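Results of the structural survey
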Amino acid sequence: MKRNPGMERQHMKKTFYVLYVIILIALFAGGGLFVLFKTPDEYSKNENRYLEKLPELSWDSVKNGEFQKKVEKALTDQLPMRDVMTGLSTSFRRFALLHDVGDVYLGKDNYYFDKKLEKDFNSKQYNKNLAMVRRFFDTSGVKDHKLMLIPSPATVLKEKLPTYAKIYDETPYVVTAKSMFSNDFVDVRPAFEAAKKGSQLYFRTDHHWTHEGAYIAYRTYIGETDRDAVDLGSMYNEVSKDFYGTMYSRALDNDAIPDSISIPKIPEGLTVTSDDKEIPLYNMDKLKEKDQYAVYFGGNDPLVTIDNYFSSKGGTLFVIKDSFANSIVPLLSYGFSKIVMVDLRYETRPMKMLLDMYKPDHVLVLYEMSNFASSTEVAKLGVKGIERS
């Protein structure tokens, strides 16, 4: 009988995959028992997040399914040798020609994408947050305000997704935002589409944009103001060649290729302050740690001010943001005398107090779109009776 090498390889892969599933089941069963008795881990340095712990049992949580979900998440988070097992799982799935690991797509050209499906996009919270921002703009008393929602990497780089991979459709959400904000909405998608063939707009191993993506967004925003964009094309310095970001940490793929990080030259005479203490705009010590994206400002603080005493245009820009803003604000510092950067996840003071304190001339709300849709902190903008004194 004539041998069929293709069929033999297929059979071998199927055998390996069945063996892999059996091993995983055994490890999860044993690991699940171990999790019940071990002291839970608090934090994952590799993933830069707090880990889920086993929840308290209650009838209501069981009835609504919340208990089961948290138990499943806790068992996954607290599993012994979790990072090793995740890496093995990724290798096996690649070998079996599968292109996702949990909630991560293994994309083409060594990209990793958040597997954000339509059911994962919180449209109700998204519309609620748009209404909050709209009301904030209408009542803040600030003369100029803009909303910039950064498209998720997978929605821009669709051609890098695995074949037949599904992702949420951002188009109707952009249409909703445009209809509500009109000229107050900054749409970076056309500029991204035009630039993506010749630029790396997002990190391969991380969920953030690169300096190139941030620079294109910077020019798009400045183009809608009375300021001129600074040409920073030759003013970037590469500071890291071994950045393994958040998406890599979720897949732990042995075949991953690290990203590089480049930072632009900053204006002279710049003063950066957080919690009444001067901090560096670029914290180079963070390049020695796992989360190298924290090189910008050292990470996320509740409120950061950037003073540029040599700005010819002047004015104060008030930025309400997620971590995507950290790499664009240094560019914006060229065009304003002061930038106030507020992270609603950590800032507890009322917006009215901050507006009265800093009296900004411009407001920019900047979030990655799926982050914006899941954020409950945006509600802090919906304070009744915001008026400028």
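Residues numbered from 1 in each chain as written. Predicted model: local features only at pLDDT ≥ 70, side-chain atom pairs only at ≥ 80, totals over all residues. Heavy atoms only, no water.

Next up on the list: the confidence of the model for the protein. The predicted model of the protein has a mean per-residue pLDDT of 84, with 73% of residues at 70 or higher. Across residues 29–37, confidence stays below pLDDT 50; counting only partners more than four residues off in sequence or on other chains, it has 11 contacts. A low-confidence stretch, residues 384–389 (pLDDT under 50), is modelled with 19 contacts involving residues beyond four sequence positions or located in other chains. (pLDDT = per-residue confidence, 0-100. Contact = heavy atoms within 4.5 Å.)

Considering the arrangement of structural elements, one finds T220 in helix α9 (residues 211–222). On the basis of relative accessibility, which here comes to 18%, the residue T220 falls in the buried class. (Helix = DSSP H or I, 4+ residues; strand = E, 2+ residues; numbered from the N terminus. Buried < 20%, exposed > 50% of the residue type's maximum accessible area, 1.4 Å probe, protein only.)

Each α-helix winds once per 3.6 residues, and so residues spaced three or four apart point in a common direction. Relative to the 16 Å expected for 12 residues at 1.5 Å per residue, α9 spans 16 Å between its end C-alpha atoms, a close match to the ideal helical length. Among the 12 residues that make up α9, nine are buried, leaving the element largely enclosed by the rest of the structure. All buried positions along α9 are accounted for by G213, A214, Y215, I216, A217, Y218, T220, Y221 and I222. (Expected span 1.5 Å × (residues − 1).)

With that settled, consider the packing of aromatic side chains. Scanning all chains against the criterion turns up 19 aromatic pairs. Both rings, one in W209 and one in F324, keep their centres 5.5 Å apart while their planes meet at 55 degrees; by these two values the pair is tilted. Highlighted residues: W209 in the loop between α8 (189–195) and α9 and F324 in the loop between β13 (316–321) and α11 (329–332), separated in sequence by 115 residues. Under the relative-accessibility criterion, W209 is labelled buried at 0%. (Phe/Tyr/Trp six-rings, centres within 6.5 Å; stacked < 30°, edge-to-face > 60°.)

The interhelical angle for the contact between helix α5 (residues 123–139) and helix α7 (residues 171–181), taken along N-to-C directions, is 20 degrees, at an axis separation of 11 Å. In terms of axis orientation, α5 runs roughly parallel to α7. By crossing handedness, the relation of α5 to α7 is classed as right-handed. Of α7, the residues touching α5 (which contributes S123, Y126, N127, L130, A131, V133, R134 and F137) are Y173, V174, T176, A177, M180 and F181. Of the residues belonging to the contact of α5 with α7, the class tally is 10 nonpolar, three polar and one charged. (Axes fitted to C-alpha atoms, helices over the stretch in contact; angles between N-to-C directions. Parallel < 35°, antiparallel > 145°, perpendicular 65-115°, else oblique. Left-handed = near helix turned anticlockwise from the far one by under 90°. Nonpolar A, V, L, I, M, F, W, Y, C, P; charged D, E, K, R; others polar.)

Within the structure shown, the criterion is met by 24 salt bridges. Across the pair R250 and D103 runs a salt bridge, and its minimum N-O distance is 3.2 Å. Remark: D103 occurs in the loop between β3 (100–101) and β4 (104–106) and R250 occurs in helix α10 (residues 246–251); sequence separation between them is 147 residues. The partly exposed category is assigned to R250, whose relative accessible area is 25%. Judged by relative accessible area, D103 falls into the partly exposed class, the value being 41%. (Salt bridge = Lys/Arg side-chain N within 4 Å of Asp/Glu carboxyl O.)

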